[in-house]
Each structure stands twice: as structure tokens, then as C-alpha cells.
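So you can see what is in the structure, the chains are spelled out below.
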There are 6 protein chains.
Amino acid sequence: MFSYKIDENLKLVLPQLHHAEEIAAVVRENLEQLKLWVPWATDDYSVDSAREFIRKSLKEFAEKGNFGAIVILNEKIVGAAGFHKLDLTNKSAHVGYWLAKEAQGKGLMTKSCRALNAYLFDTMNLNRVQINCNIENVKSRAIPERLGFQLEGIHRQIEFFNNHFGDWAVYAMLKEDWEKVDN
Amino acid sequence: MFSYKIDENLKLVLPQLHHAEEIAAVVRENLEQLKLWVPWATDDYSVDSAREFIRKSLKEFAEKGNFGAIVILNEKIVGAAGFHKLDLTNKSAHVGYWLAKEAQGKGLMTKSCRALNAYLFDTMNLNRVQINCNIENVKSRAIPERLGFQLEGIHRQIEFFNNHFGDWAVYAMLKEDWEKVDN
Amino acid sequence: MFSYKIDENLKLVLPQLHHAEEIAAVVRENLEQLKLWVPWATDDYSVDSAREFIRKSLKEFAEKGNFGAIVILNEKIVGAAGFHKLDLTNKSAHVGYWLAKEAQGKGLMTKSCRALNAYLFDTMNLNRVQINCNIENVKSRAIPERLGFQLEGIHRQIEFFNNHFGDWAVYAMLKEDWEKVDN
Amino acid sequence: MFSYKIDENLKLVLPQLHHAEEIAAVVRENLEQLKLWVPWATDDYSVDSAREFIRKSLKEFAEKGNFGAIVILNEKIVGAAGFHKLDLTNKSAHVGYWLAKEAQGKGLMTKSCRALNAYLFDTMNLNRVQINCNIENVKSRAIPERLGFQLEGIHRQIEFFNNHFGDWAVYAMLKEDWEKVDN
Amino acid sequence: MFSYKIDENLKLVLPQLHHAEEIAAVVRENLEQLKLWVPWATDDYSVDSAREFIRKSLKEFAEKGNFGAIVILNEKIVGAAGFHKLDLTNKSAHVGYWLAKEAQGKGLMTKSCRALNAYLFDTMNLNRVQINCNIENVKSRAIPERLGFQLEGIHRQIEFFNNHFGDWAVYAMLKEDWEKVDN
Amino acid sequence: MFSYKIDENLKLVLPQLHHAEEIAAVVRENLEQLKLWVPWATDDYSVDSAREFIRKSLKEFAEKGNFGAIVILNEKIVGAAGFHKLDLTNKSAHVGYWLAKEAQGKGLMTKSCRALNAYLFDTMNLNRVQINCNIENVKSRAIPERLGFQLEGIHRQIEFFNNHFGDWAVYAMLKEDWEKVDN
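Residues numbered from 1 in each chain as written. Chains lettered and ligands numbered in written order. Predicted model: local features only at pLDDT ≥ 70, side-chain atom pairs only at ≥ 80, totals over all residues. Heavy atoms only, no water.

What follows deals with the overall build of chain A. If you tally the helices and strands in chain A, you get 6 helices and 8 strands. Reading chain A from its N end, one meets helices and strands in the order β-β-α-α-α-β-β-β-α-β-α-β-β-α. On the principal axes, the C-alpha backbone points of chain A span a range of 40 × 40 × 35 Å. Looking at chain A as a whole, 56% of its 183 residues are labelled buried. Relative to all contacts within chain A whose residues are 6 or more apart in sequence, the contacts with residues 24 or more apart total 57%. Each charge sign in chain A was given a centre, from 23 positive and 25 negative side chains, and these centres are 1 Å apart. (Helix = DSSP H or I, 4+ residues; strand = E, 2+ residues; numbered from the N terminus. Buried < 20%, exposed > 50% of the residue type's maximum accessible area, 1.4 Å probe, protein only. Contact = heavy atoms within 4.5 Å. Lys, Arg positive; Asp, Glu negative; His and termini not counted. Charge placed at Lys NZ, Arg CZ, Asp CG, Glu CD.)

Facing 20 residues of chain C, the contacting portion of chain D comprises 20 residues. Summed over both partners, the interface of chain C with chain D comes to about 1,800 Å²; 76% of that surface belongs to carbon and sulfur atoms. Broken down residue by residue, the surface that chain C buries against chain D is led by Met1, Phe2 and Phe61 of chain C, which jointly contribute 40%. Applying the counting criterion to the chain C and chain D interface returns 3 residue pairs in polar contact (both at pLDDT 80 or more). Contributions of two or more residues to the side of chain C that touches chain D are made by strand 1 (3-5), strand 2 (10-13), helix 3 (47-64), strand 3 (67-73) and helix 4 (108-123) of chain C. Broken down by element, the residue count for the side of chain C that touches chain D peaks at 4 residues, all from helix 3 of chain C. Taken together, the residues that form the side of chain C that touches chain D break down as 14 nonpolar, 4 polar and 2 charged. (Buried area = accessible area lost by both parts, 1.4 Å probe. Polar contact = N/O pair within 3.5 Å; in protein donor to acceptor, adjacent residues only side chain to side chain. Nonpolar A, V, L, I, M, F, W, Y, C, P; charged D, E, K, R; others polar.)

Let us look at the relation of the copies chain C and chain D. Overlaying chain C on chain D yields an RMSD of 0.0 Å, the required transformation being a rotation through 180 degrees with an accompanying axial translation of 0.1 Å. Such values leave the two copies arranged in the relation of a two-fold axis. Take the interface residues of chain C: 100% of them recur as interface residues in chain D, which is what a same-surface contact looks like. (Least-squares fit on C-alpha atoms with pLDDT ≥ 70 in both.)

With that settled, consider the relation of the copies chain F and chain A. Its rotation angle being 180 degrees, the transformation that places chain F on chain A also includes 0.1 Å of axial translation and leaves an RMSD of 0.0 Å. Interface overlap between copies: 100% of the residues of chain F at the interface are likewise at the interface in chain A, consistent with a symmetric, same-surface contact.

Our focus in this paragraph is the confidence of the model for chain A. Confidence in the prediction of chain A, expressed as mean pLDDT, is 96, and 99% of residues score 70 or more. Our summary of model confidence lists the complex with pTM equal to 0.88 and ipTM equal to 0.93. (pLDDT = per-residue confidence, 0-100.)

With that out of the way, let us pick up the packing of aromatic side chains. Going through the model one piece at a time under the given rule, you end up with 60 aromatic pairs over all chains. Centre to centre, the rings of Trp40 of chain A and Trp98 of chain A are 6.1 Å apart; their planes meet at 55 degrees, and the pair counts as tilted. Residue Trp40 of chain A is located in the loop between helix 2 (31-35) and helix 3 (47-64), and its partner Trp98 of chain A is located in strand 5 (residues 92-99); the two are separated by 58 residues in the primary sequence. Given the relative accessible area of 13%, Trp98 of chain A is considered buried. Summarising the aromatic geometry, the rings of Phe83 of chain C and Tyr119 of chain C are spaced 6.1 Å apart at their centres and angled 40 degrees between planes, so their arrangement reads as tilted. Within this pair, whereas Phe83 of chain C is found in strand 4 (residues 76-87), its partner Tyr119 of chain C is found in helix 4, the two being separated by 36 residues in sequence. (Phe/Tyr/Trp six-rings, centres within 6.5 Å; stacked < 30°, edge-to-face > 60°.)

In this section: helix 4 (residues 108-123) of chain B. All names here are of chain B. In this model helix 4 runs 22 Å from its N-terminal to its C-terminal C-alpha over 16 residues, within 8% of the 22 Å that 1.5 Å per residue would give. Regarding helix 4, the residues found buried are Leu108, Met109, Thr110, Ser112, Cys113, Ala115, Leu116, Asn117, Tyr119, Leu120 and Phe121. Two residues or fewer past helix 4, Asn125 is found with a positive phi of approximately 60 degrees. (Expected span 1.5 Å × (residues − 1).)

Moving on, we come to the pattern of salt bridges. Residues and elements named next belong to chain D. Using the criterion set out here, one finds 72 salt bridges over all chains in the structure. Its salt-bridge partner being Arg51, residue Glu21 comes within 3.8 Å of it at the nearest N-O pair. Placement of Glu21 in helix 1 (residues 20-29) and of Arg51 in helix 3 (residues 47-64) is noted, with a sequence separation of 30 residues between them. On the accessibility criterion, Glu21 (45% relative accessible area) is partly exposed. (Salt bridge = Lys/Arg side-chain N within 4 Å of Asp/Glu carboxyl O.)

Another aspect to go through is the state of the cysteines. One pass over the full model with this rule turns up 0 disulfides over all chains. The structure places no disulfide on Cys113 of chain B, whose sulfur is separated from the nearest cysteine sulfur, that of Cys133 of chain B, by 9.3 Å. (Disulfide = S-S within 2.5 Å.)

Okay, the interface of chain F and chain A next. Taken together, the 23 residues of chain F in the interface contact 23 residues of chain A. A combined buried area of about 1,900 Å² lies between chain F and chain A, and 39% of that area is made up of carbon and sulfur atoms. By the criterion of area lost to chain A, the three top residues of chain F are Glu152, Arg156 and Gln157 of chain F, representing 34% of everything that side buries. Between the two partners, chain F and chain A, sit 4 salt bridges. The salt bridge partner of Asp177 of chain F is Arg156 of chain A, with a shortest N-O separation of 3.4 Å. Inspection of the region where chain F meets chain A yields 21 residue pairs in polar contact (both at pLDDT 80 or more).

Residues and elements named next belong to chain E. At their nearest, the axes of helix 1 (residues 20-29) and helix 3 (residues 47-64) sit 8 Å apart, and the two run at 115 degrees to each other. The angle between helix 1 and helix 3 falls in the class roughly perpendicular. When the axes of helix 1 and helix 3 are compared, the crossing they make is right-handed. On the side of helix 1, the interface is formed by Ala20, Glu21, Ile23 and Ala24, while helix 3 contributes Val47, Ala50, Arg51, Phe53 and Ile54. (Axes fitted to C-alpha atoms, helices over the stretch in contact; angles between N-to-C directions. Parallel < 35°, antiparallel > 145°, perpendicular 65-115°, else oblique. Left-handed = near helix turned anticlockwise from the far one by under 90°.)

The next thing to look at is the side chain of Ser3 of chain E. Residue placement: Ser3 of chain E occurs in strand 1 (residues 3-5). A relative accessible area of 17% means that Ser3 of chain E is categorised as buried.

There is no contact between chain A and chain C; across them, the least C-alpha separation is 21 Å. In this assembly chain C lies apart from chain F, the nearest approach of their C-alpha atoms being 30 Å.

All names here are of chain C. For strand 7 (residues 150-161) and strand 8 (residues 164-174), the ladder comprises 8 bridges, and the chain directions are antiparallel. Paired with Leu151 across the two strands is Tyr171, which belongs to strand 8. Counted along the chain from strand 7 to the antiparallel partner strand 8, the turn is 2 residues long, and its residue Asn162 has a positive phi close to 50 degrees. (Pairing = 2+ DSSP bridges.)

All names here are of chain E. In terms of residue burial, strand 3 (residues 67-73) counts as a mostly covered element, since 7 of its 7 residues are buried. As paired elements, strand 3 and strand 4 (residues 76-87) share 7 bridges and run antiparallel to each other. In the sheet register, Leu73 faces strand 4, and the bridge partner there is Lys76. With antiparallel pairing between neighbouring strands as the criterion, strand 3 and strand 4 make up a hairpin whose turn holds 2 residues, including Asn74 at a positive phi of roughly 50 degrees.

Residues Ser3 of chain E and Phe83 of chain E lie 80 residues apart in sequence; the distance between their C-alpha atoms is 16 Å. Ignoring any residue separated from it by four or fewer positions in sequence, one finds Ser3 of chain E in contact with Lys11, Leu12 and Val13 of chain E together with Met1, Phe2 and Ser3 of chain F.

Another aspect to go through is helix 3 of chain D. Along its 18 residues, helix 3 of chain D runs 25 Å from first to last C-alpha, staying within 8% of the 26 Å computed at 1.5 Å per residue. For helix 3 of chain D, every residue scored as buried is listed here: Ala50, Ile54, Ser57, Leu58, Phe61 and Ala62 of chain D. On an axial view of helix 3 of chain D, the arc spanned by its buried residues comes to 125 degrees, and they lie on one face. Along helix 3 of chain D, exposed side chains directed more than 90 degrees from the buried face belong to Asp48 and Lys56 of chain D. Structurally, helix 3 of chain D contributes buried residues whose contacts are with helix 3 of chain C together with helix 1 and strand 3 (67-73) of chain D. For helix 3 of chain D, the N-terminal capping position is held by Ser46 of chain D, with its side-chain oxygen 3.2 Å away from the main-chain nitrogen of Asp48 of chain D. Looking one or two places after helix 3 of chain D, you find Gly65 of chain D, whose phi comes out positive at around 90 degrees. (Arc of directions from axis to C-beta.)

Shown next, in the form of C-alpha cells:
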């Protein structure tokens, strides 16, 4: 029902339970890729897993203001983008995202994250937006680099899944950075 | 952030905490009219009251799927429209709404409620949508009548506020009615 | 332990867990009839279902003042009568009931509901008591009609069970009606 | 609404919120006496205190099966009697009571506690009923002694109020005792 | 991590989840003896049962100040000792304990309970410490008797397990007793 | 009651409510220093604030295994040290600490944090321990540097208090680092 229009073909949509089947389908189609980078992408990912994501996303939105939106290109779900750990005291949040293979290489996630930045810095008046990427996930790291985030550090062995500890490249943009960028 | 576009100028928007000031302002401007018809419109209506409405609305959306959207005309809040008592067992819901005086007489609420009907009957696949109007509220009653709802009964003395018991005209539309209407 | 005496042979009793076996037995004996009219009467109705009814009834009584009493004729459970949706702001409640076939035709439920009316209007000082009957349930509709309730409307397709949508005849009595009736 | 009849004039009644005023009045009339023996009888006992007792009593009844009933003589509240610590594993409960001065000396509480015993041993099938009395409260201790309870011990300095530690005389009756008594 | 040293070889330790395996092992080794006296010692006692004990013990400590510590002799778990029903209004608590067969006869539990007494009377400033022993458990009764507790009564048939009702010998020590004892 | 001995004079103690007065006193004596570095050190810090810290610390310990211990030197409270964000999936935790001015310069906190490391890496079998220090807090940064933690990055403007955004120096030690250090 509720969406945020980015351009003629692209929008962010607050997920509702009737999206569960389509979300599960696109996750399953991209499972091999997703399994490399996110712990929630497991071989038993199902429509119930998607429902769980939707319920959690709406609950976070209602209770804390965080949201996980689905990315829709030409009326088809192609990924998700949102933020969590919204902290109004310290005026910060963490952005996260993933995109189906078929939709990559068109700048869609860069546009989506720029829209999130605009919302977080301009509407919510935050001071700091952080993005954590697996150090080996080159495509994911390209987003904050393209948007002008600064690499602040490498956190070693900070996340365990697929039987090994992964490192994070931690990027952040400050409000003062955002205001200098020509968006 | 998230909205449902009805036409070029009109949209339904899921309220967030940053809307509280504007909601409180428009409620206070229309307080004399609203006090006649709804129990929540009281002389002490404040930004905190609006925040309470927003929190409750988002919580209902997350937990039960009900929502109370704000109606925005040309980027200005002019009312609210939504539904509650969503009942997936009996496939029914109750629609409610109010509109600022300055925005009345232009068919905005008829369009908004038609959009809600489309969502409830077509997307949510409900079978029955009910609207309860105070029996003396002629403008409010015009909405279900214009949309083709059927008057099913008068519930006497069913709501107490402003020191008297008010009657409700109870309207309902069934899915079979909706499908016959030329929307 | 606790009862409300209606006449020498008839009383309303607040159910306790030790009543579960007898309640389940009388529900199961009347299952064919009950299944036509109430969604909770299902083929797997058991002593646990009765315990659930008892716990819910006592919890409602403790938290909201609503109760579901069992109807006892000559020390034998023959049905249930009570009210729910007690609303002290709008001074209203909804009455509901069912009676075993063997006990029908003796005016027992009319007496029981008159006792509930006396409690709701006189002790609780309510203004409106509502009874919703399935439109086709002639015996059930006879109760509010005999007691002087007014038919306020027909709500179409408002309840789904047994694979079809049923209509409700909605009856209500106001305090001003009750005081005119010669009880 | 709901009561247990002991004899023509005497009954135990499950308290409801509309009893709060009368309960508060009788407690306040007997405050000097009650303050000697029970910690809840304080100088600021009010209608709200009575409402709190009623809510707690109904909640205990709904959740655990314990109750605190009011004792009514000729339609006037004259005390309370009930039980707590209902333990279905060990088949035991603790009985407690108090009586207004004007109603004392007529055997009312002995009758009331005999009715509680009948309920606890015969209906609930318990094995042990305990009564704790302040060691100096001669009138209170007379009840278990008259009913055939056995004094099992003296618990020293076990309850603190009114700025000193009081001792308890602990009485108990077993099911085997109850069945020998000619009630 | 956290312990209370009694002497060179003996300490009380707040249990943590990593103790579960060792606790389960010592309980299982002593099951025949424990089954005679405590209801929680059952044939299916497992590492999960020990985890449940640990979680409950830590929760009680955090929320109410009660604790159940494990008794460690030369870095080996040999029993448990602690208190429950801490009551700051009436300044009282109940002490409980058990000891593995191999560790009995060395005065370890007498030392442990003396340490608990010191904590309860001196640090927590309580007025009364109670110990309930099964009347037939001679070894358990020796502890309060050796420490100078007074036998206050015999509670008949107060605990049901192993298919029969057991009696309790109830012992208590008052602060005034404690201060007279030469500890 | 419960403590972890580091050396003859130094121990970590799980705080209990009876420590509140002494904790509040030492915080207030060190308030000017603490206010520079931690948001909870405010001008209205009171015994109630200390009680809140204790309750939260015990609750975290019981529910999640995290703890905040008090550091005791020669029976006097001189600071606190503990860990939070215990994450058993990713096998990590964050250590935090503060020390009274009078106790600084003696290596007490280095010893305390080495004890925490031993507990986290050896007993809890974690893989990563993180310490976040305000970038300007030289004394605090000396602890992880002395213990062999690695500086992984600088998080800019990540914490807001005292009316400005502070930066964090983020240090971490891995299990593989710990095992190489000669402790």
C-alpha cells in the first residue's frame, strides 16, 4: 500500500504480509549469492521466513522508527534497503541492503541508499550514517564508496556464519559530509 | 516517507512522529467541527495527542494490519482515513475518516475511501467493509451513500460523549456490491 | 462455589475448573445444534476446550467485569448465559447464551436473560444491552423479542464459519425501554 | 452477583467493584480492632484500598483458584473469608478471615470456615488446610480450635507490623481429620 | 566467576551456565539419596534440568536477592546451599541445601549454613531464618540443630512426592539467638 | 557476597543493593573526571542511580551473562569493570571500565581487564573482545594498548553528550592474539 517513489520505475515499499511469497521467491533465486554475505540467507529460507522478516520490519518501524523496505523495479521486487539501530540520542543509524543479480549494475542501490540518506539526514536530522560491509564483498562496498562515505576501520572476525569468522569494512558518512556532497 | 498516491495532488501517508506538529495544528483548527462527532477531539488536544495517535496507528499496522493514514493534499495534511477491526476470519473491517473544513466539498474523501475499498476488497480480499456514522452527521453519511454502501440499521444511544448518547447509522458494502459498482 | 439464584430450580453459576467435564459433556450432546450457530462448537470440542472457556471467562470477569455463567437446572448444567464487551464509557454490553435441547421450551433462557438485564441495567447502571442473533436462528431470536428488545438492523455476511457468511439480526434494549417493561 | 448461601441469613459473596464503598466503610468502622492483627488495615484505608482488594481477589480467583469472599449477613457486609496459597501439587491451602465487631459472638465465622472446609476438602479434594493466627488473637484462634484443627507449632517473630514482630500459632486440619469430624 | 570463600578448600559459587554439566553429573550420582527428600530430583534429571536451576537461581538473585549457590570443595561441586523467600518487610528468609554423599560427615554444610547465617543476619540484617526439613531426614535435621536453631513445630503431610505426603520439622533461628551463639 | 579474587588486595565483586551508598559516594567524588567520558555520570547522580546500575547489572547477568562488577581494593570500592553485548553466535563481547582517581597509576585496571580477558577467552571461549574508548581519553586508551589489543579504527562523532559529538578509538583482541600474549 505505502511506498516511496525514487524515480519513474523504482520505489521503496513498506512490506506487508501479502508480499511474503514474492520476497521468498526472489531470495531463493539469489540464495547462492546471498549465502556468501548475510547470515539470514539459509537453505531453508521459506515464505514463513519472509513473513518473519515482514513482521519484524513492521514492528521495528512502529516501535523504533527503523524500517526494512523492499526495492521494487517496474512492479517487481528486486531487493531490500533500510536502516536499523536508529539512535536519536546520538543521532545515528546503520544502513543495510541487498539486490537481486538481475537488477545489479544499473545504479539502483546507489539511488536507493541516496534516498535513505536524504531521509535520515534531512527529514530525521541525523548526524551519522554507518554501513558495515563484509570486507570481501566488493559490490556491496562500492555503494558507500560511490556515495562518499569514509572508511573508518576494519573490524576483524566480527561475524560468524558459514563456519568462519568474517571481517567488516566499516564506512560512515557525517551530516557535514552529506551537506558537501552534490546530490 | 511512505505514501499511497491517489491522484496528482492527493495521497494517503502512513504517519510518522515528525508529522505530529502538523497533525495537531490541523486538528486544533477544526476542533469545533470535530468535537461534534468524535470523542478523541477534546479541548486539550496537543502535539502529544497527535504523537499518541501516530504511535497507536503504527502499532496497529505492525501488529494487526490496520492503519490510520493521513490525507495529504498538495503536501498539506487535511485529514485522516483508515480502517480498524480488520478481521481475517470473517473477512471484514471498519473504515473511518475525517476531513478539514477547507478541504471539504471537493470529493477528496470519496476518492480516499474508494482507494481504501480497492485495497480492502482487491488486495486484502475482504468480504465486508462497514462504516459507522453519527446519525446526525450528514456530511459523513454522504460518503458511504455516494460509494454505494447500504444502510443496514440504526444503533441507538451507542456512543457517549459531550454529555449525551449518540446514535449510529451503520453502513456496509459487501464484495459482491463492490464488484457491481463501476469504479 | 458461587451462584446467582433465579428461582427454586434455576441458577447462574460462575464456572470453575471442576465444571469442565460436565460442560464438555453437555456441549458434545448438543453439538449438532450448536454447530449451526456458534463458531466455537467444533467436532473436536473436548474437556480442554471447556477448560479454555472457563479460564477465559474467569479472566474476563477479573479484568473487565464480563462473565460467562453456566445455567444450572436442578443441579445439572443445561447451557450458558453471560455478557461481553462491557463498555463503561458508553455504558453498554452484549449478551449471549445457548441452551441444551432438553431444557428448551420452558422459558429458562428468557428468565436467565431477564436476570442478566436486571444486573446490567440496575446494578451496573448500563444504558444499552445488545443481542446479536444469526438471522435464521428463530429460537435464539425469540429471547430478545420476548423480552422487549428492539430489532435495530440486519448486518449482512458478518460472520464466517461452516464455509459460509451468516447474517446477524441486531437487537438492543435501552435503559429507558427496560424501565417501561413490567418485569 | 455471585454468592454461596450458608444459611437463610448468611452468605459468602465474590466481591465486585460495586462493593468497594461498603467494604471500605466496614473496614474503617473496625479499624482499631483490625489494626492489631492484620498489616493491610492502616489509617489511610480508603475506597481505593477496597478496590485494590477486590481486583486482587478476582485476579487470584481467575488465575489460581484462590478467593477472598465477603461475608454478608442479612444483606450487610460484616467481614471476609477466603483462602490463598492453593497448591494442587501438595493439595493444600491457607484459610484467612476477619469479622466486624457487631457480628462477632454468633458463630458466623465458624459457619463460614466450615463452608470453606467443605469446599476445600470435598469439592477441591485437598488434603491439608492451614490457618495462621497471631498468637495473641484469642478470638481468631477460637475458630480453628472449635472446628477441630490441630495446633502444629508456634512460629516466632514471623510477621512485622505496628513496629514489632508478632508470633503465629499455626493450625492445620488434614482430610483424615475432616472426615472424622461430625460436621 | 564469582564465589564466597569459606575456608581454604571450601567456597560457595554463584552458578553460571558453564556449570550445568558438572551439576547434572553430581545430582545424578546422588539421585537415589536425593529422590528421598526433594521433589526436583527425578529419574530424568539432565543437563537441561541443571540449566533450568541455574537460570532460575540467577533470576531470583537479580530480581529478589535470593540465591542458590553451588558448594565447591577443592574445585569440585559437592552440593548446593542458598536461601529463598527473602522477605524484607518481615526480615526473614528460608535456607535450603543438599550435599553429595562423598562430602558428608565433614561438617561442610554446617560451615556453609553458618556462612549463610552470617550473610543473612549480619549483612542483610534479617531477624529470622527458617529451615524446613523432612521429619525423617536425620542428616538434614542435624544442621539446624547443630547451629542452634529451635524446632518450632511439625507440619503434617505438607509436601507430596514419591506418592506420599511428607511431614516437615520446622526450625528457626532469630537474630537474638544468633547474637548469643558463639560463632 | 560473591567475588573474584585478582590478587591479595584486589577483587571484582558482583554488586548487590547494599553496595549502592558506597558506589554513589565514589562516583560523586570522581564526578568531574567521569563527566568528561561517560554519559551516565551526571550532576544528579544519586544512591538511586547506583541502585539502578546494580539492578540492571544483575538483570543482565541473569538474562544474558553480561556483568558489571565493582572493583574493590582493600575492601574499598574504587571503580567498575565488566562487559556487555555478549554475543554467543559471533563469540564476542565489549569490555568497559572506570577507576577512581586515587586508585589510578597502580596497574589495577590492567590487572582487572586481564582477568576479564581470561574469563572471556578461556572460560567463555569467546573469539573477540572489543574496547571502545573516547579518542581523547588517554588513560582509558592505555589499557587496551598495554594489554595488546589492536586499534582497528576511529569512529567519528559516534556518541553525543556534554553538547558535542565524541569520536571512539575502537580496539579489539582476537583469541589468536590472546593466546600469543604472555599473560
